[in-house]
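Each chain, letter by letter, is given below.
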Amino acid sequence: MTFIALFIGVAYLIIIAKLIVGFDKVPDFLLQDNSPKTRFSIVIPFRNEEQNLPKLSESLYNLNYPKSLFEIIFVNDESTDDSVSLIETYFSGKQVDFKLIPNHRSSNSPKKDAISTAIGSAKNEWIVTTDADCIIPKYWLDCFDSFIQTNDTHFIVGPVSYHHVTSFLDRFQLLDILSLQGATIGGFGIGHPFLCNGANLAYKKELFNTLNGFEGNNGIASGDDIFMLEKATKTGLDHVHYLKSTGAMVTTTAEKSLKLLISQRIRWAAKTSKYSSYFSKITALSVFAMNAILVCLLLFWIMDISSLRTLVYLFTLKFCIDFLLIFKVSRFWEQEQYLGTYVPSSFLYPFFSVYVAVNSIFKGYKWKGRSYKK
């Protein structure tokens, strides 16, 4: 058991250390004083989001970018609440180019269908996707435009974080997403991009069509973001980038209960087995193995099968290397004030992670009121 623990620990240390080094290799992007040129089509699928749409709509209307250079396409995925009327009421009479269209279902993934439906009617060259429960920063499109003007790019991944972080559960989720953002950026830095978030993603419509959209993975309910990234990287890494800028950071709301959080994370984990990237699979496996061995070592110590020393050494290794990655991201995002939650979270996370991973293998999940089987 000690040898297994040592092997897993070393493998985990190497991977996370590489991601930490990669984080620093991705250059910070500062918004340039360029004249806006890029035309965007903002795509927002929604289903029963009446609680979130007012804040999103307001943030979209307050964008600094010239309104003549972007359109907003809302795709209604069979909402039964007042989402549609809220959108129509808010944007009616405002000088904003917006569309409200129904989703055309053709696969097992309503969200992918919604994005494909929107792109089919989009009139601009760049597609930008976000979610209905997000808030958009004022200079969001300015950052994308400036980055496009100064880089030869076809696919851009943007940063995502949480707003209104108050409870311990909120802070636990924030630390988790900071670690995911660190891994995302680190992957780009070492030439192995493997994570992204559809809440802040931009790509050329031509690229989407060339790749035949979500063909090949539209049987999986989620993954509109990562599977597109995997397809895009196969066309060449030179045109796939991460936009490392706080000015482009989209924020969303943390899940309000442990039950909802577990359901969300099971949905996220369920697509892991479908990754085509070997680096993605190795990283996911090493993270699971590290958390699983910690849980096992604790149980073995309780049963007097294994020594406490091995558990303490391995936990200390994970504690330190994870903290370094999260610290780097929190400092860049100016969210260091939440690091005080790291200590209790680090003790709870292995149990949470293993529970989610195991359930993602054997159980389905619910998303937007629909049930999906594994």
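Here, the structure is the one placed above.
Residues numbered from 1 in each chain as written. Predicted model: local features only at pLDDT ≥ 70, side-chain atom pairs only at ≥ 80, totals over all residues. Heavy atoms only, no water.

(A) The pattern of salt bridges, seen in detail. Per the stated rule, a full pass over the model turns up nine salt bridges. Lys328 is the salt-bridge partner of Asp24, the closest N and O atoms lying 2.9 Å from each other. Taken together, the residues Asp24 in helix 1 (residues 2-25) and Lys328 in helix 11 (residues 308-332) connect sequence positions 304 residues apart. Residue Lys111 is joined to Asp131 by a salt bridge in which the shortest nitrogen-to-oxygen separation is 2.9 Å. Remark: Asp131 occurs in the loop between strand 4 (126-129) and strand 5 (134-135) and Lys111 occurs in helix 4 (residues 110-121); sequence separation between them is 20 residues. Overall, Lys111 belongs to the buried group, its relative accessible area being 16%. In this structure Asp131 comes out as buried when scored by relative accessible area, which is 18%. Three or more residues joined by partner-sharing salt bridges are found here, namely Lys111, Asp131 and Asp224. (Salt bridge = Lys/Arg side-chain N within 4 Å of Asp/Glu carboxyl O. Helix = DSSP H or I, 4+ residues; strand = E, 2+ residues; numbered from the N terminus. Buried < 20%, exposed > 50% of the residue type's maximum accessible area, 1.4 Å probe, protein only.)

(B) Structural context of the packing of aromatic side chains. Counted by the stated rule, this structure contains 23 aromatic pairs. Measuring from ring centre to ring centre gives 6.3 Å for Tyr61 and Tyr90, while their planes differ by 85°; the resulting arrangement is edge-to-face. Linking Tyr61 in helix 2 (residues 53-61) with Tyr90 in helix 3 (residues 83-91), this pair joins segments that are 29 residues apart in sequence. When its relative accessible area of 29% is taken as the criterion, Tyr61 is described as partly exposed. Given a relative accessible area of 22%, Tyr90 falls into the partly exposed group. Summarising the aromatic geometry, the rings of Phe74 and Phe91 are spaced 5.7 Å apart at their centres and angled 50° between planes, so their arrangement reads as tilted. Residue Phe74 is found in strand 2 (residues 70-76), and its partner Phe91 is found in helix 3; the two are separated by 17 residues along the sequence. (Phe/Tyr/Trp six-rings, centres within 6.5 Å; stacked < 30°, edge-to-face > 60°.)

(C) The packing of helix 6 (residues 168-189) against helix 11, seen in detail. The contact between helix 6 and helix 11 brings their axes to 8 Å, and the two run at 90°. In this view, helix 6 runs roughly perpendicular relative to helix 11, as classed from their interaxial angle. When helix 6 is examined against helix 11, the residues Leu175, Leu178, Ser179, Gln181, Gly182 and Ala183 are found in contact with a partner set consisting of Leu325, Ile326, Val329 and Ser330. Residue classes in the contact of helix 6 with helix 11 are distributed as six nonpolar, four polar and no charged. (Axes fitted to C-alpha atoms, helices over the stretch in contact; angles between N-to-C directions. Parallel < 35°, antiparallel > 145°, perpendicular 65-115°, else oblique. Contact = heavy atoms within 4.5 Å. Nonpolar A, V, L, I, M, F, W, Y, C, P; charged D, E, K, R; others polar.)

(D) Up close: the environment of Tyr162. Structurally, Tyr162 is set in strand 7 (residues 160-163). Separated by 147 residues in the primary sequence, Tyr162 and Arg309 have C-alpha atoms spaced 37 Å apart. Discounting residues that sit within four places of it in the chain, Tyr162 has contacts with Gln173, Leu174, Ile177, Thr251, Thr252, Thr253, Ala254, Gln264, Arg265 and Gln335.

(E) Region of the structure containing the packing of helix 9 (residues 258-270) against helix 12 (residues 342-362). At a minimum axis separation of 8 Å, helix 9 and helix 12 run at an interaxial angle of 60°. Considering the angle they form, helix 9 stands oblique to helix 12. Where helix 9 crosses over helix 12, the two elements pack in a sense that is right-handed. Between helix 9, through Leu261, Ile262, Arg265, Ile266, Ala269 and Ala270, and helix 12, the contact on the second element is made entirely by Phe352, Tyr355, Val356, Asn359 and Ser360. Classifying every residue of the contact of helix 9 with helix 12 gives eight nonpolar, two polar and one charged. (Left-handed = near helix turned anticlockwise from the far one by under 90°.)

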